[in-house]
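# Inside the fold
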Amino acid sequence: MRELFQHISDTLSRGEGVVLVTILETAGVTPRKPGARMLAGSKGLLAGTIGGGSVEGHCIEIAGELLRSPCPQPRTMTLAQEDGAAPGCGGQVTVHFLPLQGGDERVLALCREAEEGLAADAPLWLLTPLEEGELTLHREPGLPGSPGITRIGGKPWFHQQLYRPDRVYLFGGGHVAQALVPVLRPLEFACVVLEDRPEFARKERFPQAKEVRLISFDRIEDQVTLTKDDYVCIMTRDHESSLLVQQQVLRTPAGYIGVMGSKKKAQASFAALEAMGVSPKELERITTPIGLPLGGRTPAEIAVSIAAQLIQHRAGKTD
């Protein structure tokens, strides 16, 4: 969404209009779901995508025709097989077009406010008017996390949370953590790197991390508060540190706990944790080896497999 707001700001600042195109609803098989957006202007597609194919191309044409129109409007379209529909079963998408006029100071101010909110990782929703009204930011909790249509003030709006407060706590700042942070950042995971070695707990090692902290692994609960929405990736430098962190993290409500290591090390860790009094039921909360089994071995490949698993876990929470 940052890219989308930047393009809106840049284009409107030049006095040119743009059209914000949003998928409101889908039925059947479609390549993108509600909340997918793109921005189209006089030169065609500027940013984002609603799935490509002929539907996206048609929407770009419609957007070009609506550049001078002040009125938002929806259109329902049927996908052909080349657009991702299953054979004999074309899906449908309801697409919304919102023209934004060049030089609109209110929209430019909204873009600046959205950028500040996203930079601060603050919960933030974008309200798109489906009838009368203007593009609006909403900060107060209460709207659903999943995109959808709601009525506010008696009018229909499409609400979409711009930032999901998903935090990934990385215990250990080694090579895999260094590769993982830049992969997770554009996926809207805010990374917090936790290290007990001063030389590894440096912000310059992790410029895209939300935070980098020097902590003691033997008293985590005094220094870190984990919630059910948080993800934990344990990739410490040795087996002893990993066991120490696992034992403490299991006492928190963390929603995902992944531990780096081989299957053999995982068996040894589970046996050691059981000896410490951890129940088999509690051990089921741990995913190890961490990441989807993609077959990669380099830090970059392992980072991709971990990111894929976190996306899978997050999708499961919102389905």
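Right above here is the structure, for reference.
We now turn to the structure provided with this report. Bear in mind the structure is a predicted one, so any value in this text is a computation, not a measurement. (Residues numbered from 1 in each chain as written. Predicted model: local features only at pLDDT ≥ 70, side-chain atom pairs only at ≥ 80, totals over all residues. Heavy atoms only, no water.)

Tracing the backbone shows Arg-285 in the loop between α7 (280-283) and β15 (286-287). Its relative accessible area of 29% is what places Arg-285 among the partly exposed residues. Spatially, the C-alpha atoms of Arg-285 and Phe-217 are 20 Å apart, while their sequence positions differ by 68 residues. Among residues more than four places away in sequence, those in contact with Arg-285 are Val-249, Leu-250, Thr-252, Pro-253, Ala-254 and Ile-257. Within the structure, the side chain of Arg-285 is placed 2.9 Å from the backbone oxygen of Leu-250, a separation counted as a polar contact. (Helix = DSSP H or I, 4+ residues; strand = E, 2+ residues; numbered from the N terminus. Buried < 20%, exposed > 50% of the residue type's maximum accessible area, 1.4 Å probe, protein only. Contact = heavy atoms within 4.5 Å. Polar contact = N/O pair within 3.5 Å; in protein donor to acceptor, adjacent residues only side chain to side chain.)

As a further point, take unusual backbone geometry. Along the chain, Thr-288 connects to Pro-289 via a cis peptide bond; the corresponding omega equals -5°. For Pro-289, the position within the fold is in the loop between β15 and α8 (299-318). Positive phi, close to 70°, is recorded for Glu-188, a residue that is not glycine. In this structure, Glu-188 sits in the loop between α4 (175-184) and β11 (190-195).

The sheet built from five strands is open, its strands ordered β3-β2-β1-β5-β4 with antiparallel pairing. Either end of the sheet is taken by a strand with one partner, and the two such strands are β3 (44-48) and β4 (73-78). Neighbour-to-neighbour, the strand axes of this sheet turn through a mean angle of 30°, independent of strand direction. Strand direction decides the pairing type here: β4 and strand β5 (residues 92-100), joined by six bridges, are antiparallel. Its bridge partner being in β5, Thr-76 is matched across the sheet by Thr-94. The sheet strands contacting helix α2 (residues 53-65) are β1 (18-27), β2 (37-41), β3, β4 and β5, and the helix crosses β4 at an angle near 155°. (Pairing = 2+ DSSP bridges. Axes fitted to C-alpha atoms, helices over the stretch in contact; angles between N-to-C directions.)

Time to look at the environment of Thr-30. By the element assignment, Thr-30 lies in the loop between β1 and β2. Note on Thr-30: relative accessible area 9%, which makes it buried. Residues Thr-30 and Val-93 lie 63 residues apart in sequence; the distance between their C-alpha atoms is 7.5 Å. A polar contact of 3.0 Å, which involves the side chain of Thr-30, links it to the backbone oxygen of Arg-32.

By secondary structure assignment, the location of Arg-112 is in helix α3 (residues 105-119). Expressed as a C-alpha distance, the spacing of Arg-112 and Ala-27, which sit 85 residues apart in the sequence, is 35 Å.

Turning to the sheet that holds β15, a few remarks are in order. If you walk across this open sheet you meet the six strands as β12-β11-β10-β13-β14-β15, and the pairing is parallel. Since the sheet does not close on itself, it has two edges, and those belong to β12 (211-214) and β15, each with one partner. As judged from the five bridges shared by strand β10 (residues 167-171) and β11, these two strands associate in the parallel manner. By the bridge assignment for β11, Arg-167 is matched with Ala-190. Most of the contacts of α4 go to β10, to which it runs at about 175°, and overall it touches β10, β11 and β13 (231-234).

Among the nonpolar cores identified, the biggest contains 25 residues, and Val-168, Leu-170, Leu-180, Leu-184, Cys-233, Ile-306 and Leu-310 are the most heavily contacted of them. Listed by contribution, the elements that provide at least two residues to this core are β10, α4, β11, β13 and α8. Element by element, the count of residues in this core is highest for α4, at six residues. (Core = buried A, V, L, I, M, F, W, Y, C linked by side-chain atoms within 4.5 Å.)

To continue, consider the pattern of salt bridges. Side chains that differ in charge, positive against negative, can pair when their charged atoms come close. All chains considered together, the criterion is met by 14 salt bridges. Between Asp-229 and Lys-228 there is a salt bridge, with the nearest N and O atoms lying 3.6 Å from each other. The class of Asp-229 is partly exposed, set by a relative accessible area of 31%. Salt bridges here are not isolated pairs; linked through shared partners, they connect Arg-167, Glu-211 and Arg-213. (Salt bridge = Lys/Arg side-chain N within 4 Å of Asp/Glu carboxyl O.)

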